[in-house]
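# Commentary on secondary and tertiary structure
Listed below, chain by chain, are the residues.
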Amino acid sequence: MSGEAAPNLFQQQDANRRRTTLLVVCFVLFFAWLGFGGDYIYYLATLHNLPYEPHHTFPWFGIVLTFVGTWIAWYGYSTGPEKVLWSTGAHEITIPANDQEKQLVNVVEEMAIAAGIPRPRIWVVDDPAPNAFATGTDPQHAHIAVTQGLLDLMSRDELQGVVAHELGHIKNFDVRLMTTLAALVGVVLLIRDGTGRFFWGGRGGGRSRDRGGNLGVLVVVLLVIWILSWILAPIITQMLAMAVSRKREYLADAMSAQFTRNPAALASALTKIEDSDAPATHLKAGAAHLCICDPLDRKLNDHPGTLGDVMASHPPIEMRIIRLKGMGYAQAKAEGHLPPEAPTA
Amino acid sequence: MGSWIPLILLVVVVLWAISAFNGLVSLKNQTVNAFKQIDVQLKRRHDLIPNLVNSVKGAMDFEKSTLEAVVQARNQAVQVNAAGPDAVKQISQAENALSGALSKLMVVVERYPDLKATGNVGQLQEELTSTENRISFARQLYNDTATQYNTKQQQFPASLMAGLAHAAPAQLWEIDDQADRAVPQVDLSMKPKA
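Residues numbered from 1 in each chain as written. Chains lettered and ligands numbered in written order. Predicted model: local features only at pLDDT ≥ 70, side-chain atom pairs only at ≥ 80, totals over all residues.

### Topic: the overall build of chain B
In terms of regular secondary structure, chain B is built from 7 helices and 0 strands. For chain B, buried positions account for 29% of its 194 residues. Sequence separation of at least 24 residues holds for 79% of the intrachain contacts in chain B that already meet a minimum separation of 6. (Helix = DSSP H or I, 4+ residues; strand = E, 2+ residues; numbered from the N terminus. Buried ≥ 20, exposed ≤ 12 C-beta atoms within 10 Å, placed from the backbone. Contact = placed C-beta atoms within 7 Å.)

What follows is the structure, encoded as structure tokens:
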């Protein structure tokens, strides 16, 4: 098993590094398009103005917006992990305060040994809904957070399975891509809220000068595309966030099974998470695709199918449980006995 | 034009040889590092045992032989300072004996609920469970890495570079018998009541 896992792991790490770079580049290019596109439209619109009227010749918007986009991308990449943790209100465990936290620290240390990575920093979110997520830029700068609900609900073995799943995300650099995405999605959503008012409230009093004939049509078409990209950006980035995380969940489940050699425990943990009806109070939409199970409890995740496949951030939980049980059965068969110590809680 | 072909072939072969060599060296170092990890965790266990024995000694006069077996196995394991080709085997024998003695002790502790309730035996039990897990996971990582290393140096064509990279098969950490396999499952009902 491990013989095959290693090249896949490196491929996976490389792919995640590449995709993060691509994401950041696309983000900056998108800002450049918004800026220079606006400049070009303004330039065309003022081209046939009379000499004493204002002409837009220097691309101020483009330069400023590209600069702003670059700065946001850099800021999102470098402070993403702390922003994600801050948005969930997580508190770090440095010295375990009680037996429960002591056990969590022990389990994380055990799984870090199994995964062969340094121990990540450990955080607890005061959320009654059982869930967990990991964030960071690489295994040397990584964080794992679990909810209080998870600690209350899980047995030691199940906690181990969940923690191992998150360490899987850390080990193959999923956290870098997903955290950067979370930061950038957050920014785009913020901009949408701001610019919506600007576009729909701030217009009026526009003088229509139709001096250029065909030019006028071109300007209008460009303007429509330009405005559309402002409107569509948040939707596209959100769909990107969902698509990026679905396949990863199966992979992290498989890595968890490789680390613990106990896929049945994670299957039982996922069952418990699904059966729990405690509402998520601290995990919000921005961090949803980082979590082990969708905290928003969207029904889309439960239905395999076209729409579910496009919009859901996680694969259907039943499918994950079935795959894990399959692994458990294969393992038991390979060792020559049926699963005796599978936790049946 | 034709004279270029041997040169290109030579460059390809040299590049391949370098990457195969570096791959083997990197796996070798990973294997050595994984073995060190086991050592760290075994040391942790050796340090934990005196505490554990002290905290149950007073209440366990009637189970003296079990305790003595643990102390003896621990002292033997600490003294093993093996090197050379049989190092893995010697260490693993001593540590497996210690694991066996510890699991017997934990079974005994389970039989006396009063003992579990008093003092910090409960916490020590969690520590011991964790330590046993750490050892078995460190062992698992070592075996996985060593298997990968062994496979790589035996597979053609990387096997051609094995001599140059001073690659020798790494010994796996064997578990002797079925009783030792069961060690980490001493008592996992440690879910603290919040």
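Next comes the rest of the write-up.
### Describing the overall build of chain A
Helix and strand content of chain A: 10 helices and 4 strands. Burial statistics for chain A: of 345 residues in total, 38% are counted as buried. At a minimum sequence separation of 6, the contacts of chain A that also span at least 24 residues come to 74%.

### As for the nonpolar core
Residue and element names in this part refer to chain A. Core analysis: the largest hydrophobic core is formed by 89 residues, its most contacted members being M111, A145, V162 and V163. If you count residues domain by domain, this core takes at least three from each of domain 1 (2-86 + 176-230) and domain 2 (92-173 + 243-334). Other than its neighbours up to four places away in sequence, M111 contacts Q160, V163, A164, L167 and F259. (Core = buried A, V, L, I, M, F, W, Y, C linked by C-beta atoms within 7 Å. Domains from an automatic or database assignment.)

### Considerations on the domain arrangement of chain A
Residue and element names in this part refer to chain A. Annotation of chain A at the domain level lists domain 1 (2-86 + 176-230) and domain 2 (92-173 + 243-334). Only α1 (2-46), α2 (60-88) and α6 (174-201) provide two or more residues apiece to the side of domain 1 that touches domain 2. The greatest single-element share of the side of domain 1 that touches domain 2, amounting to 8 residues, is contributed by α6. In the side of domain 1 that touches domain 2, the residues fall into 10 nonpolar, 5 polar and 2 charged. (Nonpolar A, V, L, I, M, F, W, Y, C, P; charged D, E, K, R; others polar.)

### A short note on the packing of helix α3 (residues 99-115) of chain A against helix α5 (residues 121-154) of chain B
With their axes 8 Å apart at the nearest point, α3 of chain A and α5 of chain B run at an angle of 10° to one another. It follows that α3 of chain A is roughly parallel to α5 of chain B by the angle criterion. The crossing of α3 of chain A and α5 of chain B is right-handed. Between α3 of chain A, through D99, K102, Q103, N106, E109, E110, I113 and A114 of chain A, and α5 of chain B, the contact on the second element is made entirely by Q123, E126, S130, N133, R134, F137, A138, Q140 and L141 of chain B. (Axes fitted to C-alpha atoms, helices over the stretch in contact; angles between N-to-C directions. Parallel < 35°, antiparallel > 145°, perpendicular 65-115°, else oblique. Left-handed = near helix turned anticlockwise from the far one by under 90°.)

### Brief notes about the pairing of strand β4 (residues 141-147) of chain A
Every regular strand shows the same layout, with side chains that alternate between the two sheet faces. Residue and element names in this part refer to chain A. Here β4 lies mainly inside the structure; 6 of its 7 residues are buried. Here 5 bridges tie strand β2 (residues 121-125) to β4, and the two strands are oriented parallel to one another. Across the sheet, W123 pairs through a bridge with A145, a residue of β4. With 6 bridges joining them, strand β3 (residues 132-138) and β4 adopt antiparallel strand pairing. Note on β4: the bridge partner recorded for T135 is H143. Hairpin connection, β3 to β4: the antiparallel pair is bridged by 2 residues. (Pairing = 2+ DSSP bridges.)

### Re the packing of helix α2 (residues 64-79) of chain B against helix α3 (residues 87-111) of chain B
All names here are of chain B. α3 packs onto α2 with a crossing angle of 155° between their chain directions and a minimal axis gap of 9 Å. Here α3 runs roughly antiparallel to α2, going by the angle between their axes. Crossing geometry of α2 relative to α3 is assigned as left-handed. On the side of α2, the interface is formed by T66, L67, A69, V70, A73, R74, Q76 and A77, while α3 contributes A94, E95, A97, L98, A101, L102, K104, L105 and V108. For the contact of α2 with α3, the per-class residue count stands at 12 nonpolar, 2 polar and 3 charged.

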